[in-house]
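Summary of the model geometry
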Amino acid sequence: MKMFTHAIVRPPPKTIIDGITNAKLGKPDYKTALRQHQNYVEALRACGLTVITLPAAEGVPDSCFVEDTALLTRRCAIIARLGAPSRQGEEVEVRELLRGYFNHIESIEAPGTVEPGDIMMVGNHFYIGLSDRTNDAGAHQLISLLEKYGSSGSTVEMSEMLHLKTGVSYLENNTLVACGEFLFKPAFANFDLIAIDPDEASAANCVWVNGTVIAPAGFAKSIAKIEAVGYPVIPVDVSEFQKLDGGLSCLSLRF
Ligand code: GLY
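Residues numbered from 1 in each chain as written. Predicted model: local features only at pLDDT ≥ 70, side-chain atom pairs only at ≥ 80, totals over all residues. Heavy atoms only, no water.

Within the chain, the regular secondary structure consists of six helices and 15 strands. Taken against the 2.2 N^0.38 rule, which gives 18 Å for 255 residues, the C-alpha radius of gyration of the chain at 17 Å falls within 12% of a compact globule. In terms of overall dimensions, the chain has a C-alpha envelope of 45 × 40 × 35 Å along the principal axes. Counting all 255 residues of the chain, 56% fall into the buried class. Surface accessibility of the chain: about 10500 Å² in total, with carbon and sulfur atoms responsible for 52%. Once the 22 positive and 30 negative side-chain charges of the chain are each reduced to a mean point, those two points are 4 Å apart. (Helix = DSSP H or I, 4+ residues; strand = E, 2+ residues; numbered from the N terminus. Rg over C-alpha atoms; globule rule 2.2 N^0.38 Å. Buried < 20%, exposed > 50% of the residue type's maximum accessible area, 1.4 Å probe, protein only. Areas by Shrake-Rupley, 256 points an atom, 1.4 Å probe, with all protein chains shown as cover. Lys, Arg positive; Asp, Glu negative; His and termini not counted. Charge placed at Lys NZ, Arg CZ, Asp CG, Glu CD.)

Shown next as structure tokens:
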């Protein structure tokens, strides 16, 4: 089981109101988003992580979703090529920062696109959702890079959600929380599934950090199900980020 020591975060910029959204929940409020982000950072610290904070990037409204800029594995960092054109470039400062932490840094190249919100780590294997943001070329480059460093990857077809981890998260001990289409994928048939009800779908995006689960606040049924399998849960309100289809896993890179 992997233990994490660090997390990289990037606070929301004031331009977060211009982030990519399906607009169902309205526009985020910057000050509330900033406060929620600070609480999220406190939750990461409570799980024992040293939190590294990049400066907010006003030119890229979605840049607080820093998880989408790189995949961090035990032996290498793989810099993403984001699928949303307005998000390309978010990875530049992350690459510079990672030079101080990783000896091996690889990159996804055009025409490949990968957003690591589409990548779920299960031990040394990485499930890669083929979404509107992560294409076949990107996924296959990623699998080759993973194999070069002794890991493995496989693709998962998907159609309902923004990112793979929008709807499924790995909580170690063979346990997945999942909702929607991910409840029925053959790739996940051998996991113990915690099924998230459709009215709490946002709770399917949560993160295991060193034995604790950080989960979005406001989803009591889902939190009770996660606690019932033995995990302490830290609920964090991420409502402003949910307005941009962003889950709480997307708000940090953990390694
Ligand atoms: N707003 C998050 C994303 O679209 O990637």
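Alright, that's what it looks like, and here's the rest.
Positionally, cysteine 47 belongs in the loop between helix 1 (30–46) and strand 2 (50–53). The spatial distance from the C-alpha of cysteine 47 to the C-alpha of glutamate 172 is 15 Å, given a sequence separation of 125 residues. Other than its neighbours up to four places away in sequence, cysteine 47 contacts Val209, Asn210, Thr212, Ile214 and Ile234. (Contact = heavy atoms within 4.5 Å.)

Below, the discussion takes up the sheet that holds strand 11 (residues 192–195). Across the sheet, which stays open at both edges, the three strands sit in the order 9-10-11 with mixed pairing between neighbours. The sheet is open, and its two edges are formed by strand 9 (168–170) and strand 11, each paired on a single side. On average, each strand axis in the sheet is inclined to that of its neighbour by 25 degrees, with strand direction left out of account. Bridge analysis of strand 9 against strand 10 (residues 175–178) gives three bridges, and the strand direction is antiparallel. (Pairing = 2+ DSSP bridges. Axes fitted to C-alpha atoms, helices over the stretch in contact; angles between N-to-C directions.)

Once that is clear, we can look at the packing of aromatic side chains. The description of an aromatic ring pair rests on the distance of the ring centres and on the angle between the ring planes. Under the criterion given, the structure shown has nine aromatic pairs. Plain terms: the ring middles of phenylalanine 102 and phenylalanine 255 are 5.6 Å apart, the flat faces sit at 45 degrees to each other, and that makes the pair tilted. Linking phenylalanine 102 in the loop between helix 2 (91–98) and strand 5 (105–107) with phenylalanine 255 in the segment after strand 15 (253–254), this pair joins segments that are 153 residues apart in sequence. There is no split in this pair, since phenylalanine 102 and phenylalanine 255 are both buried. A ring pair is formed by tyrosine 127 and phenylalanine 191, whose centres lie 6.1 Å apart and whose planes are at 70 degrees; its orientation type is edge-to-face. Taken together, the residues span a long stretch of sequence, with tyrosine 127 in strand 7 (residues 125–130) and phenylalanine 191 in the loop between strand 10 and strand 11 at a distance of 64 residues. Exposure remark for phenylalanine 191: the relative accessible area of 12% places this residue in the buried category. Three or more aromatic residues joined by ring pairs form one cluster here, namely Tyr127, Tyr170, Phe182, Phe188 and Phe191. (Phe/Tyr/Trp six-rings, centres within 6.5 Å; stacked < 30°, edge-to-face > 60°.)

Read across the open sheet, the three strands follow the order 2-1-15; overall the sheet is mixed. The sheet terminates laterally at strand 2 and strand 15, the two strands that pair on one side only. In terms of strand pairing, strand 1 (residues 6–9) meets strand 2 through four bridges, oriented parallel. Paired with isoleucine 8 across the strands is isoleucine 52, a residue of strand 2. Its contacts with the sheet place helix 1 against strand 1, strand 2 and strand 15, and it is angled at close to 170 degrees to strand 1.

Time to look at helix 3 (residues 136–148). With 13 residues, helix 3 extends 18 Å from end C-alpha to end C-alpha; this agrees with the ideal 18 Å at 1.5 Å per step. Listed in full, the buried residues belonging to helix 3 are Gly138, Ala139, Leu142, Ile143, Leu145 and Leu146. Projected down its long axis, helix 3 shows its buried positions confined to an angular sector of 165 degrees, all on one face. For helix 3, the secondary structure elements touched by its buried residues are strand 3 (70–72), strand 4 (77–79), strand 5, strand 6 (119–122), strand 7 and strand 8 (152–157). Backbone geometry just downstream of helix 3 places glycine 150 in the positive-phi region, at approximately 85 degrees. (Expected span 1.5 Å × (residues − 1). Arc of directions from axis to C-beta.)

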